[in-house]
Amino acid sequence: MKLLFFLAVIATAFYCSSAGKCIKSNWDYWGADIKRVTVRGGVKKCIAVCQKTKKCKSIAYRGKNCWLKYKTNGRYSRAQRGVTSANMNCVAVNGGWTGFGAW
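Residues numbered from 1 in each chain as written. Predicted model: local features only at pLDDT ≥ 70, side-chain atom pairs only at ≥ 80, totals over all residues. Heavy atoms only, no water.

## Quick word on helix α2 (residues 42-51)
The α-helix advances 3.6 residues per turn, and as a result positions three or four apart in sequence lie on the same side. Definition in use: Burial classes: relative accessible area under 20% of the type maximum marks a residue as buried, over 50% as exposed, and values in between as partly exposed (1.4 Å probe, protein chains only). What counts as a helix is a DSSP run of H or I of at least four residues, what counts as a strand is a run of E of at least two, and both are numbered from the N terminus. Comment: arc refers to directions from the helix axis out to C-beta atoms.
Along α2, the residues that are buried comprise V43, C46, I47, V49 and C50. End-on view of α2: buried residues confined to an arc of 160°, all on one side of the axis.

Right, dumping it as structure tokens:
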């Protein structure tokens, strides 16, 4: 029983630490665009659109603009104030958006 509890604690700690790496504030996955869409509902809505779009692997979001990407981290990644980027492989591994709590 103690071993099972220990493993649950370790798994939870790993899950929480890796989930935070899925969403990057002030970071831009630049290039490799599938298309740009206008969304209402913030980055959560942008992620939902990507998850429903064939071959979408990441997003970059700013204002109401949501850029859907066909590469995991865009063509390249860079610091960019006001842009939020997310990797769908990581989001999927971490149980979808609900794994991030309240954003």
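## Quick notes on the packing of aromatic side chains
Spelled out, the test is: Pairing of aromatic rings covers Phe, Tyr and the six-membered ring of Trp, with a centre-to-centre limit of 6.5 Å; geometry is then stacked below 30 degrees between planes, edge-to-face above 60, and tilted otherwise.
Applying the stated criterion to the full structure yields 1 aromatic pair. The interplanar angle of 35° and the centroid separation of 5.0 Å between the aromatic rings of W30 and Y76 together place this pair among those described as tilted. You can see W30 sitting in strand β1 (residues 23-30) and its partner Y76 sitting in strand β5 (residues 76-87), a full 46 residues away along the chain.

## A look at the pairing of strand β3 (residues 58-62)
Each regular strand displays side chains that alternate between the two surfaces of the sheet. The line we're drawing: When DSSP finds at least two bridges between two strands, those strands are taken to pair.
Summarising burial for β3: 4 of the 5 residues are buried, a large majority. Inspection of the sheet shows β3 paired to strand β4 (residues 65-69) by 5 bridges, in the antiparallel sense. Each bridged residue has a counterpart across the sheet, and for A60 the counterpart in β4 is W67. Two successive antiparallel strands, β3 and β4, enclose a turn made up of 2 residues, where G63 displays a positive phi of approximately 65°.

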